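An overview of the molecular structure
Okay, here's what each chain looks like letter by letter:
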Amino acid sequence: MGTPLVGIIMGSQSDMAAMEPCMQQLEEFGIPYEVKVASAHRKPDVVHEWAAGAEERGMRVIVAAAGKAAHLGGVVAAFTPLPVITVPMKTSDLGGLDSLLSMVQMPSGVPVACVAINGAKNAAILAVQMLGTGDAAMRGKISAFKRAMAEA
C-alpha cells in the first residue's frame, strides 16, 4: 500500500482484536499503516525509538491504544511532533473508565485526542480527517464516507 501514513501502537497483543476495526477502516480508505505492539511500562525504550522515528518513516498521525494505566499515548506524544489519537481499551476492572481517564488527563504541552472506549473505528476516521487538513484527496474520502452514511 505504500509508506505508512498512520502508525498504530498498542500496549499488548491482547488489544489487537479491539483494534481490528481501526485497521479495517484504514484499509477501506486505502490508507497505509504500520502496527507495533509495545508497552509503555514493559518496553519503554522500544516505544521511545518507535515514536521518535515515526515522522522520519513517513507517518503523519499515530493511533495509540492501551488499557488500565493507559500511559502509552502520552508517552508516544512526548516523543513525536505528530498528532496522537488515543483509544482507551475496555478493561475487566473498571470497564475502560480507568483507561479513558488516564488518556484525557494529559499535562499541559503534551496533548492527545481521545475517542470512546474501544473506539478504534472512530480513531481511524479521525486520523483520515487529520490527514485531510492538508490533502484534498483525503478530504474527498471522508466526504464520500459521510455521504454514504447519510444515504444508508
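Use the structure listed above.
My aim in this report is to walk through the structure given alongside it, one point at a time.

Now for the overall build of the protein. The secondary structure content of the protein amounts to six helices and five strands. Mapped in sequence order, the helices and strands of the protein form the string β-α-β-α-β-α-β-α-β-α-α. In terms of C-alpha radius of gyration, the protein reaches 15 Å, essentially the compact-globule figure of 15 Å for 152 residues. In terms of overall dimensions, the protein has C-alpha extents of about 40 × 35 × 30 Å along its principal axes. Looking at the protein as a whole, 43% of its 152 residues qualify as buried. For the protein, the share of sequence-separated contacts (at least 6 apart) that also reach a separation of at least 24 residues comes to 65%. On the protein, roughly 7500 Å² of surface is accessible, and the fraction owed to carbon and sulfur atoms is 54%.

Looking now at the side chain of Ser39. Locating Ser39 in the fold gives a position in the loop between β2 (33-37) and α2 (44-53). Of note is the side chain of Ser39, whose polar atom sits 3.1 Å from the backbone nitrogen of His41. Look past the residues within four positions of Ser39 in its chain and what remains in contact with it is Gly11, Pro44 and Val47.

Estimates place the volume of the largest pocket at around 260 Å³. Taken together, the residues that form the lining of the largest pocket break down as five nonpolar, seven polar and three charged.

Strands sit in the order β2-β1-β3-β4-β5 across an open sheet of five strands; the sheet is parallel. Two strands in the sheet have a free side with no partner beyond their single neighbour: β2 and β5 (113-114). The pairing of strand β1 (residues 6-10) with β2 spans five bridges and is parallel. Among the inter-strand pairings, Gly7 is bridged to a residue of β2, identified as Glu34. The strands touched by helix α4 (residues 97-104) within the sheet are β3 (61-66), β4 (84-88) and β5, with β4 carrying the most contacts at an inclination of about 160°.

As a further point, take helix α6 (residues 136-151). In this model α6 runs 22 Å from its N-terminal to its C-terminal C-alpha over 16 residues, within 8% of the 22 Å that 1.5 Å per residue would give. All of the buried residues in α6 are Met138, Ile142 and Phe145. Around the axis of α6, the buried residues are gathered within 60° of arc, so they sit on the same side. Those residues of α6 that are exposed and aimed more than 90 degrees away from the buried face are Ala136, Ala137, Ala150 and Glu151. In this structure, the buried residues of α6 make contact with α1 (16-29) and α5 (120-131). Between the side-chain oxygen of the N-cap and the backbone nitrogen of Ala137 there are 2.9 Å, and the N-cap of α6 in question is Asp135.

Calculation criteria
- Residues numbered from 1 in each chain as written.
- Predicted model: local features only at pLDDT ≥ 70, side-chain atom pairs only at ≥ 80, totals over all residues.
- Heavy atoms only, no water.
- Helix = DSSP H or I, 4+ residues; strand = E, 2+ residues; numbered from the N terminus.
- Rg over C-alpha atoms; globule rule 2.2 N^0.38 Å.
- Buried < 20%, exposed > 50% of the residue type's maximum accessible area, 1.4 Å probe, protein only.
- Contact = heavy atoms within 4.5 Å.
- Areas by Shrake-Rupley, 256 points an atom, 1.4 Å probe, with all protein chains shown as cover.
- Polar contact = N/O pair within 3.5 Å; in protein donor to acceptor, adjacent residues only side chain to side chain.
- 1 Å grid on protein atoms, 1.4 Å probe; cavity = no way out; pocket = protein on both sides within 12 Å on 5 of 7 lines; lining within 4 Å.
- Points joined across faces, edges and corners; volume = space filled by probe spheres on them.
- Nonpolar A, V, L, I, M, F, W, Y, C, P; charged D, E, K, R; others polar.
- Pairing = 2+ DSSP bridges.
- Axes fitted to C-alpha atoms, helices over the stretch in contact; angles between N-to-C directions.
- Expected span 1.5 Å × (residues − 1).
- Arc of directions from axis to C-beta.

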